[in-house]
Amino acid sequence: MLTTRALTALVALLAVAAFGAASASASSALPGAHISALQTVPEASYPGMQKLTYLYGPIKISPGQNTIEAQANNLKPAVPGYITKFQPDLVYAKTNAQGGHDTPRVDVIHLHHGVWLVARDGGLYPTFAAGEEKTIFDFPQGFGYKYDPSDGWIMNYMIHNLTPNPDSVYIKYTIDFVPASEPAAAGITEAKPLWMDVAGIKPYPVFDALKGSGTKGKFTFPTQAKGAQKKDIGVAHQWTAPKDMTLVTTAGHLHPGGLYNDLTATRSGQTKELFRSEAKYYEPAGAVSWDVSMTGAKPDWRIALKAGDTINTTVTYDTSKASWYESMGIMVVFYADGILPGAKDPFTQAIDWHGLVTHGHLKENDNHGGDPESGLPDARDVLDGTSPSNVDIKGYIYGQGDLSLTGSTGRPPVVRAGRSLKFTNLDATRAMTPTGSAYHTITACKAPCAATTGIAYPIANGSVQFDSGELGYGPDLPLAGFGGKFTPAANRNTWKTPKDLSAGTYTYFCRIHPFMRGAFRVVGANGKGSVTKKSKAKKT
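Counting restarts for each chain: residues are numbered from 1 in the order of the written sequence. Where local features are concerned, this predicted model is filtered to residues with pLDDT of at least 70; where side-chain atom pairs are given and counted, the filter is 80 or more; whole-chain, interface and lining totals use all residues. Side-chain numbers come from the whole structure's heavy atoms, not from hydrogens or water.

Novice: Is there a simple way to think about the sheet that holds strand β24 (residues 390-394) in this case?
Specialist: Whenever strands of a sheet pair, they do so through backbone hydrogen bonds, lying parallel or antiparallel. Being paired, for any two strands, means DSSP has found at least two bridges between them. Each helix is a run of H or I in the DSSP string that is no shorter than four residues. Each strand is a run of E no shorter than two, and both are numbered from the N terminus. Across the sheet, which stays open at both edges, the 4 strands sit in the order β25-β24-β27-β29 with mixed pairing between neighbours. One side of each edge strand has no neighbouring strand; the edge strands of this open sheet are β25 (397-398) and β29 (494-496). Direction of pairing for β24 relative to β25: antiparallel, over a ladder of 2 bridges. Within the sheet, the bridge partner assigned to K394 lies in β25 and is I397.

Right under this line is the structure:
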């Protein structure tokens, strides 16, 4: 049974969410290129090394699910040793014709995050993890994570079902493992994890990177945080070394729109770059989807830190195209005690802070979306709808103005300038489980916002920005000293449009279920902005 201390750590760490750990594999492809073959550096190899594959589940996925869960996990090696590689995946529970398990398309179901937590010495610590980018972790030759079967493992996961259909999946992971009984284990140095997080540690460590913020289309958090954004800065973005140590590997995690994570060190007022984990997009549209891999440190990357050195992480997003809500910036650094032979002091020696990509384009990212032949109308040309005070969201449909509806209910609801239109999510319940509850958003997108759904479409690129947050309810588990709730939900089911919108037609989508599209219309006192039978339809 977990101790009180371990349970406290659980709440603090479970929701720190997706991150990609470092990998030793590399690609020669340029960003935006689709590649079929990889050039990879040799992975670590040891006599007596085992390759072990586990399927955690089956996990029943509710319609529209986007909740954070945590359960005990006994799928792990039976003997002590070293984990030297960790490869994550998400697969359907149903077997295919070959007896295997297919991987869902990322725009259908994806692993928003999976974190493997270890209960040890009265505490709970993140070890390996995966996000949408499915980074493969590969320790450099001679290093590994020291494992003992007496450690308790907990599987923390957030599986995102982007559809209204139930399903069942496994979280799949394959590890390279060297048992302690093998002679090769004596030559492996223990590497310990250090969690660096720009918005953590808190129940749901996220921030918003809004369109147009930052400098020249790039926004760096927390460096450029202003006003209310500062409340999202987390204590884990900075850490001071308590003793001499050697950093041996790292990589970053970010969300679509993210460009890179930086790791720096400061000593006596002087700051040096240690590593930049870059997002290499295979997505043709650029930094707008999950079709990406992160760079991890090269196998010979060794950084010598002295006691008192401070390391810091930041993350940079492309804000020239769209807003990116609930963004993350995480770097997990593995270190060894003491300063090892060959380690470089960043304040006296040059550091190669460039890395190697962890994988190429994944076939589950093939559906990019954006085809204008979707069959959905251009809401700017649709006649005025009624003027309701409230739009109900039910059954994954915006009750008035949903672009999939025909007839009068498909017409954009009308609101007078200076007033608000209320939305209510009736698909949300106060249940403590995902069953029967779905979160929805009303997020501005550029009109007509009617192309086909995919990993790169739609995005929050409206000329006027608004976002409701995830309307719905999650577990009411406040974390003392950190604030917030253990859920991505807003813990409310209503939202009102801004009162300062000028006359025109506004299109929006649901960030959680992007096939959901809708529109509403703001009209002035003189009727400006209306589209009626007597007026000529004009795009605004």
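Novice: I would appreciate a short explanation of the environment of T314 in the present structure.
Specialist: Relative to the assigned elements, T314 resides in strand β20 (residues 310-318). By relative accessible area, which is 12% here, T314 ends up buried. Each C-alpha atom of the pair T314 and A199 lies 9.7 Å from the other, and the pair is 115 residues apart in sequence. Per-residue accessibility, obtained with a 1.4 Å probe over protein chains only, is compared with the maximum for each type, and a residue is labelled buried under 20%, exposed over 50%, and partly exposed between these values.

Novice: I'm lost on the state of the cysteines in this one. Help?
Specialist: Structurally, a disulfide amounts to a covalent bond that connects the sulfur atoms of two cysteines. We call a pair of cysteine sulfur atoms a disulfide when they lie within 2.5 Å. Here the structure, examined in full by the defined rule, presents 1 disulfide. Paired through a disulfide, C445 and C449 show a sulfur-sulfur distance of 2.0 Å. The chirality of the disulfide connecting C445 with C449 is left-handed, given an S-S dihedral of about -105 degrees. When its relative accessible area of 4% is taken as the criterion, C445 is described as buried.

Novice: So what exactly am I meant to see when it comes to the pattern of salt bridges here?
Specialist: Pairing is possible between side chains that carry opposite charge, provided their charged atoms lie close to one another. By definition, a salt bridge exists where a carboxyl oxygen of Asp or Glu is found within 4 Å of a side-chain nitrogen of Lys or Arg. On inspection of all chains with the given rule, the structure shows 19 salt bridges. For D176, the salt bridge identified is with K51, shortest N-O distance 2.6 Å. A residue pair is termed long-range when its members are at least 10 positions apart, and D176 in strand β9 (residues 167-179) and K51 in strand β1 (residues 50-61) qualify at 125 residues. Taking the relative accessible area as the measure of exposure, D176 reaches 2% and is therefore buried. Overall, K51 belongs to the exposed group, its relative accessible area being 52%.

Novice: Would you mind showing me how to read the packing of aromatic side chains here?
Specialist: Centre distance within 6.5 Å is the pairing criterion for rings of Phe, Tyr and Trp, where only the six-membered ring of Trp is used; planes under 30 degrees apart are then read as stacked, over 60 as edge-to-face, and the remainder as tilted. A complete count under the given rule lists 30 aromatic pairs for this structure. Look at W116 and Y173: their rings are 5.1 Å apart centre to centre, the planes differ by 70 degrees, and that puts the pair in the edge-to-face class. Here W116, found in strand β4 (residues 109-120), pairs with Y173, found in strand β9; they are 57 residues apart in sequence, far enough to count as distant. On the basis of relative accessibility, which here comes to 1%, the residue W116 falls in the buried class. Ring centres of Y398 and F423 lie 6.5 Å apart, and the angle between their planes is 90 degrees; on these two criteria the pair is classed as edge-to-face. Here Y398 is found in strand β25, whereas its partner F423 is found in strand β27 (residues 422-425), with 25 residues between them in sequence.

Novice: How should the environment of K192 be read in this particular structure?
Specialist: Position of K192 among the secondary structure elements: in strand β11 (residues 192-197). Given the relative accessible area of 24%, K192 is considered partly exposed. In what follows, residue pairs with any heavy atoms lying within 4.5 Å of each other are defined as contacts. Once you skip the residues sitting within four places of it in the chain, K192 turns out to touch V333, F334, Y335 and D337. Within the structure, the side chain of K192 is placed 2.7 Å from the side chain of D337, a separation counted as a polar contact. Distance and chemistry together define a polar contact, namely a pair of N or O atoms within 3.5 Å, with one atom able to donate a hydrogen and the other to accept it when in protein, and with adjacent residues in sequence counting only for side-chain atoms on both sides.

Structural measurements only, silent on function.
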